[in-house]
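Spelled out, the chains give:
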Amino acid sequence: MILVAVLALGVLALTWFGFRSLRRKRLIENVPTSKVKGVFLGLNEVKGEVECDRPLRAHLSGRHCVYYRYEIQEHWSRTETYRDSKGKTQTRTSSGWRTVEDDTVGTAFTLRDDTGGLRVDPAGAEIHAPEVFSETCGRSDPLYYGKGPSHSVSDSTHRRRFTETALPLGDRVYVLGSARLRDDVVEPEITHDRSAEIYLISTRPESRIASGYGWGAFFQLFFAALFVFAGSVLLTAPGSRDLGQAIERGLPLALPLLALFGGMVVIYYLVLVYNGLVSVRERAEMALSMIDIQLRRRHDLVPRLVACVQGHANYERLTQERVAGLRGGDDTGSLKSLFALVEDYPELKADENFAHLQAQLVDCEDRVSLAREFYNETVTALRNRLQTLPDSLLKGFGRFKKLDYLSAAKYERTAPRLDL
């Protein structure tokens, strides 16, 4: 009965991990990739290169990075004597590796793509980093004590294994996590959110990450089903002559339980598929509202910028006209007035103002374009779901419809009039 209880706990644990892997796989597939400049508050998926002004230096490899994790293991071997069932003295040797030192260190970094940079804090994230150092050595190697501890484990063979993973500068990473507003500036950043399903930073391609979670779910649920079968056989095994008879006696109980388990998995997966479709549809609606937000921002911001530039340009023109007039005559009062103006406004920078206006106009148009691009990517994701199994089986339940892509003619509104 103890073994049956252990198998039951194994079924529960494997089922939970299997369902979690399924959820994560679907989540990665449902969230479209955003550009850094188009990141919004909430769950985002972004890709870019790692940058950092003050990088870390990895403990073992010495590489400049933003995250590293190292582990030092020491080999041990022990020979023991014991008496077997016949009372004879026997010897056996056991060995293994024991961790003697490990540490994980990370720092915030900038993820940069072709639209800009985004601050990412790796604390609390699940990180898939490449191995940058791996070496096994003995005490004669300077690495043994140079990077490892001075003490040894019991029964040590004086061999140590050093391994390290890291996120070096310049590596391209995939980030799936929640964005919030930074405390120091009005910009988003991606940080750990306890309420979020996942916070992932990986150097692996997105397709490989999703495939890994898919295979993980398959094997976890397969072994859960195997444990269900084994538990059923054990419950009916007492009195059986051999394993074959035990399996035969256990089938009447095992088959209904396996059918129930399989049905539960199928239902759960269909619920995930349906919720995923709802999530993609809501994300598309949110992306469409983001376009309107950016258009409103452009509508409100540009006229104010133009007014400021016009005011400064008129002030410069007036000042230049007064200076030209003073050159032709002697006007002490005007000179005093001019000196007072210069003291109040020591620098005339109309060219910089016009450059700033131009940059803001480009930024506004980029934001609208990125919002439209994100919407179209979300529409593509929804269309693909509705045309492929198993999602296409559920499109009638939620009245899911294909959304139209946004072309320039559909999303354009009346652009602000620039009269300088």
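Residues numbered from 1 in each chain as written. Predicted model: local features only at pLDDT ≥ 70, side-chain atom pairs only at ≥ 80, totals over all residues. Heavy atoms only, no water.

A. Representation of the packing of helix H1 (residues 2–30) against helix H3 (residues 206–236). At a minimum axis separation of 8 Å, H1 and H3 run at an interaxial angle of 160°. It follows that H1 is roughly antiparallel to H3 by the angle criterion. Crossing angle aside, the handedness with which H1 passes H3 is left-handed. When grouped by side-chain class, the residues that make up the contact of H1 with H3 number 21 nonpolar, eight polar and four charged. (Axes fitted to C-alpha atoms, helices over the stretch in contact; angles between N-to-C directions. Helix = DSSP H or I, 4+ residues; strand = E, 2+ residues; numbered from the N terminus. Parallel < 35°, antiparallel > 145°, perpendicular 65-115°, else oblique. Left-handed = near helix turned anticlockwise from the far one by under 90°. Nonpolar A, V, L, I, M, F, W, Y, C, P; charged D, E, K, R; others polar.)

B. Geometry of the pairing of strand E3 (residues 64–83). Where strand E2 (residues 56–57) and E3 come together, two bridges link them in antiparallel fashion. Of the residues in E3, the one forming a bridge with Leu56 is Cys65. Hairpin connection, E2 to E3: the antiparallel pair is bridged by six residues, and Gly62 has positive phi, about 75°. Bridge count for E3 against strand E9 (residues 156–168) is nine bridges, and the pairing is antiparallel. (Pairing = 2+ DSSP bridges.)

C. Expanded view of a nonpolar patch on the surface. Taken together, the side chains of Trp215, Phe218, Phe219, Phe222, Phe223 and Leu226 present a nonpolar region at the surface, about 640 Å² in accessible area. Position of Phe218 relative to the elements: it lies in helix H3. (Patch = residues over 30% accessible without salt bridge, like charges linked within 9 Å, V, L, I, M, F, W, Y side chains within 5 Å. Areas by Shrake-Rupley, 256 points an atom, 1.4 Å probe, with all protein chains shown as cover. Salt bridge = Lys/Arg side-chain N within 4 Å of Asp/Glu carboxyl O.)

D. Quick look at H3. Its 31 residues place the ends of H3 46 Å apart at the C-alpha level, agreeing with the 45 Å of an ideal helix rising 1.5 Å per residue. Within the sequence span of H3, burial applies to Ile209, Ala210, Tyr213, Gly214, Ala217, Leu221, Ala224, Val228, Gly231, Ser232, Val233 and Thr236. (Expected span 1.5 Å × (residues − 1). Buried < 20%, exposed > 50% of the residue type's maximum accessible area, 1.4 Å probe, protein only.)

Geometric descriptors of this kind do not, in isolation, establish any biological role.
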